[in-house]
Structures are given as structure tokens and as C-alpha cells.
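Residue-level structural notes
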Amino acid sequence: MEDLTVRTLASISSEYGKLVYLASLRDLGSGRYVHDGLARTYSTEAVQEALTHAHKEICIRILEMPLARQESDLLTCLQGFDGELEDVVRNWRELESYRVLLPLGFPGYLRVLFCSDVETLLGIAQADLAKAKRIA
């Protein structure tokens, strides 16, 4: 866990960015994480346990943030994607991409809260971006 936190996650500037990264390591079919660097040093079980723990911890950390901080953190994450921020926000909203970010076994009520928060934040971001475009 320390290796993952110090070497990898520390270099990612937002909590949502860390969440996107961790979710990208998980195979959507099997639910197992794949991280070649950790697998070379640690057992398969240790890698799965560390990544599962980190994934859940990041989700909880995000949910504990005030919504204003979540908004800022989410925008920082989304600005890291290719394309215009307005397009990224619209696509995330339409595709509900954020749903695959949640770890397996995450409690249902927290899943609902997370999705509700992200949907709200994306709606606010979309409205703010549209307003800024009209003003400019």
C-alpha cells in the first residue's frame, strides 16, 4: 500500500484523478486489478488487496469532501483529459462514465450518494461553462 501511495498516487494531483487511475487498473470483466509494476514485486493477493483498499479509500475520501471542494477536484481531473472541458463534461454526463469508477463491493447507499454528487457537479460545471461561453 505504501509503495502504491508514495510512488504512484502521490503524483496525481486530484482525488478524482486517483480514482480514475485506480479504476483504469481494474478489468471490467473479472474485477481484478492489473498493475505490472506491483506484480513484479508483490504477490497477486497483496496487489489485489492494496489496490482494492486504495480504491475504496479514495472513494470515501471524495465523499467526505465538501461539495465545493469536490467540484474543484473533479474539474482538475476532467481538465486532464484530451479535448475541450465542455465536451469532456458533456460526455461524462451523457455516458455516466463515473459509474465505472466505483470499486466493487462499495455499499449501495454510498454508490447512490457518489453518483448523485457527480451528476450534480457535472450539471453545475456544464451550466457554468455554457454561461462563460455566452459571456465571452
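Since we're looking at a predicted model, the values are computed, not measured.

What counts as what
- Residues numbered from 1 in each chain as written.
- Predicted model: local features only at pLDDT ≥ 70, side-chain atom pairs only at ≥ 80, totals over all residues.
- Heavy atoms only, no water.
- Salt bridge = Lys/Arg side-chain N within 4 Å of Asp/Glu carboxyl O.
- Helix = DSSP H or I, 4+ residues; strand = E, 2+ residues; numbered from the N terminus.
- Buried < 20%, exposed > 50% of the residue type's maximum accessible area, 1.4 Å probe, protein only.
- Axes fitted to C-alpha atoms, helices over the stretch in contact; angles between N-to-C directions.
- Parallel < 35°, antiparallel > 145°, perpendicular 65-115°, else oblique.
- Left-handed = near helix turned anticlockwise from the far one by under 90°.
- Contact = heavy atoms within 4.5 Å.
- Nonpolar A, V, L, I, M, F, W, Y, C, P; charged D, E, K, R; others polar.
- Polar contact = N/O pair within 3.5 Å; in protein donor to acceptor, adjacent residues only side chain to side chain.
- Phe/Tyr/Trp six-rings, centres within 6.5 Å; stacked < 30°, edge-to-face > 60°.

Moving on to the pattern of salt bridges. One pass over the full model with this rule turns up seven salt bridges. The salt bridge involving K133 is made with E86; its shortest N-O contact spans 3.4 Å. Here E86 lies in helix α6 (residues 85–95) and K133 lies in helix α7 (residues 108–135), a separation of 47 residues in the sequence. Note on E86: relative accessible area 25%, which makes it partly exposed. In this structure, R90 engages D87 in a salt bridge whose closest nitrogen and oxygen atoms are separated by 2.8 Å. Here the residue R90 and the residue D87 both occupy positions in helix α6, the gap between them amounting to three residues, near one helical turn. Here D87 falls in the partly exposed class, since its relative accessible area comes to 30%. Each member of the salt-bridge network shares a partner with another, and the members are E15, K18, E57 and R61.

With that out of the way, let us pick up the packing of helix α2 (residues 15–24) against helix α4 (residues 44–64). Interhelical geometry of α2 versus α4 gives an angle of 150 degrees and a closest axis separation of 9 Å. The angle between the axes of α2 and α4 places the two elements in the roughly antiparallel class. Between α2 and α4 lies a crossing whose hand is left-handed. Here α2 contributes E15, Y16, K18, L19, L22 and A23 to the contact with α4, which in turn contributes L51, A54, H55, I58, C59, R61 and I62. Taken together, the residues that form the contact of α2 with α4 break down as nine nonpolar, one polar and three charged.

Right, let's get into the side chain of R26. With respect to the secondary-structure elements, R26 resides in the loop between α2 and α3 (36–41). Contact partners of R26, with chain neighbours within four places excluded, come to G31, R32, Y33, H55, V100, L102, P103 and L104.

What follows deals with the side chain of H35. Tracing the backbone shows H35 in the loop between α2 and α3. Engagement of the side chain of H35 in a polar contact is seen with the side chain of Y21, the distance being 3.3 Å. If we skip the residues at most four places from it in the chain, H35 touches T8, Y21, L25 and L51.

As a further point, take the packing of aromatic side chains. Counted under the stated rule, the structure contains two aromatic pairs. For the pair Y16 and F114, a centre-to-centre distance of 6.2 Å together with 40 degrees between the ring planes defines the contact as tilted. One end of the pair, Y16, is in helix α2; the other, F114, is in helix α7, with 98 residues separating them in the sequence. For F114, a relative accessible area of 1% translates into the label buried. Taking the centre distance of 5.8 Å and the plane angle of 70 degrees together, the rings of F81 and W92 count as edge-to-face. Placement of F81 in the loop between α5 (67–78) and α6 and of W92 in helix α6 is noted, with a sequence separation of 11 residues between them. Residue W92 is classed as buried on the basis of its relative accessible area, which comes to 8%.

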